[in-house]
Amino acid sequence: MNESTIDRLFDALWQEFVTTNPPAGHIHDLFVQRGEKVINDHVAFRTFDHPSIDLDVLARVFTKYGYVAKGAYHFKAKKLYARHYEHPDPLMPLVFISHLKTHEFPLDIQHIIQRLVEQVPEGSTEDESFIYSGRPWQVSHSDYQWLREVSEYAAWMAAFGFRVNHFTISINHLSAYSDIAQVNSFLKNNRIELNSAGGEVKGSPAVFLEQSSTVAYNKEVGFTDGKFTIPACYYEFALRYRKPDGLLFRGFVEGSADKIFESTNKGQDFNK
């Protein structure tokens with residue numbers, strides 16, 4: 001594997017991410033200014049289950065660099081299926097990809113999503129830059145609102161398309177913070193609002209993973225019927241624990257991830 005190539009891919013993902021979500025760059029810098037080396041635990045992507053753009057299509061970008069499919073996850077209430085991918089090098093970020101099970105939604109919702117998918121240029125998914133290319137379709141704010149009535153996830157995909165939904169700081173690799181509560185306090189002391197759905201800390205040592213996240217940054221987005229400010233991306237923080245076999249837990253917890261998804265349920269302007 002060409003390490004410099006995969007590194008360039010993650011650099012491109014990060015640059016696009018902080019362009020969409022400027023507060024993430026600020027948060028990253030806050031830790032660096034404290035002398036920390038920020039290591040990324042995982043990145044996450046969203047998509048629809050259409051075979052031309054489903055999670056298997058997005059995963060090809062990573063499997064060609066040695067990533068292997070591991071855990072599978074089902075979110076029945078949100079109508080999502082997800083899988084995570086691991087690289088043999090434990091310092092490489094995990095990759096979490098989910099897709100919306102569109103066939104479980106009413107026909108009017110399916111028709112809106114189908115109109116979006118039909119606008120994806122043929123052959124565009126063959127280029128690895130597709131996963132950070134943004135929105136390949138035109139969509140109205142009224143359709144966005146209609147989607148949001150039934151699925152925040154569907155509305156987010158319609159508005160933002162293909163890009164990293166969130167990066168994640170590995171608390172395990174921070175030197176000055178021994179637990180997630182310290183990280184959360186540091187963030188709140190710097191006026192960073194955290195996602196409180198299910199509590200600020202999702203998970204526990206008992207399930208070998210604790211997570212927290214910011215609420216999504218509010219970003220102005222252009223629709224066919226005007227510009228509107230809506231929730232975009234967020235930053236996550238993860239602390240992993242060792243399992244009874246002594247190995248660090250590398251998976252995800254469905255109950256926790258379910259609440260992390262809700263980081264985009266509301267927005268907060270961190271620039272104020």
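What you see is a predicted model; the values in this text were computed from it and never measured.

The rules behind the values
Per-chain numbering applies: the sequence of each chain, read as written, is numbered from 1 onward. Reporting in this predicted model follows two pLDDT cut-offs: at least 70 for local features of residues, and 80 or more for side-chain atom pairs to be given and counted; totals over whole chains, interfaces and linings ignore these cut-offs and use all residues. Hydrogens are left out, water is left out, and the side-chain values use all remaining heavy atoms of the structure. With a 1.4 Å probe rolled over the protein chains alone, any residue whose accessible area is under 20% of its type maximum counts as buried; one over 50% counts as exposed, and the rest are partly exposed. By the criteria applied, helices consist of DSSP H or I runs no shorter than four residues and strands consist of E runs no shorter than two, each listed in order from the N terminus. Pairing between two strands requires that DSSP report at least two bridges joining them. Geometry of aromatic contacts follows a simple scheme: Phe, Tyr and Trp rings, the Trp one being its six-membered ring, pair when their centres are within 6.5 Å, and the pair is stacked under 30 degrees between planes, edge-to-face over 60, tilted otherwise. Here, a charge over a ring is recorded when the distance from Lys NZ or Arg CZ to the ring centre is within 6 Å and its angle to the ring normal is within 35 degrees. Detection works on a 1 Å grid of protein atoms alone, calling trapped sets that fit a 1.4 Å probe cavities and calling open sets with protein on both sides within 12 Å along at least five of seven lines pockets, with lining residues defined by an atom within 4 Å of a point. Grid points are joined across faces, edges and corners, and a volume is the space filled by probe spheres set on the points. Three categories are distinguished: nonpolar for Ala, Val, Leu, Ile, Met, Phe, Trp, Tyr, Cys and Pro, charged for Asp, Glu, Lys and Arg, and polar for the others, with Gly belonging to the last.

Details of the pairing of strand S10 (residues 234-240)
Stage number 1. Judged by how many residues are buried, S10 sits mostly within the fold: seven of seven residues are covered.
Stage number 2. Burial of the side chains of S10 extends over both faces: Tyr 234, Glu 236, Ala 238 and Arg 240 are buried on one face and Tyr 235, Phe 237 and Leu 239 on the other.
Stage number 3. As paired elements, strand S5 (residues 164-170) and S10 share five bridges and run parallel to each other. For Thr 168, the partnering residue across the bridge sits in S10 and is Glu 236.
Stage number 4. Bridge count for strand S7 (residues 209-213) against S10 is five bridges, and the pairing is antiparallel. Its bridge partner being in S10, Glu 210 is matched across the sheet by Leu 239.

Describing the packing of aromatic side chains
What characterises a pair of aromatic rings is the spacing of the ring centres plus the angle enclosed by the ring planes.
Stage number 1. Overall, the coordinates contain 22 aromatic pairs when judged by the stated rule.
Stage number 2. Relative to Phe 62, the ring of Phe 45 lies with its centre 5.7 Å away and its plane at 50 degrees, an arrangement referred to as tilted. Taken together, the residues Phe 45 in strand S1 (residues 40-48) and Phe 62 in helix H3 (residues 55-63) connect sequence positions 17 residues apart.
Stage number 3. Classification of Phe 62 by relative accessible area gives buried; the value is 0%.
Stage number 4. Between Phe 223 and Phe 228, the aromatic rings sit 6.0 Å apart at their centres with planes inclined by 65 degrees, giving edge-to-face as the arrangement.
Stage number 5. For Phe 228, a relative accessible area of 30% puts it in the partly exposed group.
Stage number 6. Three or more aromatic residues joined by ring pairs make a cluster, and in this case those are Trp 14, Phe 17, Phe 167, Tyr 235 and Phe 237.
Stage number 7. A cation over an aromatic ring shows up here: Lys 79 above the ring of Phe 105, its NZ or CZ 5.3 Å from the ring centre.
Stage number 8. Looking at Arg 240, its charged tip hangs above the ring of Phe 252, at a distance of 5.1 Å from the centre.

Description of empty space enclosed by the protein
Vacant regions in the atomic arrangement are exposed by a probe of water-molecule size rolled over the atoms.
Stage number 1. Under the criterion given, the structure shown has one cavity of 30 Å³ or more.
Stage number 2. One number sums up the size of the largest cavity: a volume of about 110 Å³.
Stage number 3. Listed by contribution, the elements that provide at least two residues to the lining of the largest cavity are S1, strand S4 (94-100), S5, S10 and helix H8 (254-260).
Stage number 4. Top element by residues in the lining of the largest cavity is S1. It accounts for four residues.
Stage number 5. Split by residue class, the lining of the largest cavity holds eight nonpolar, five polar and two charged.

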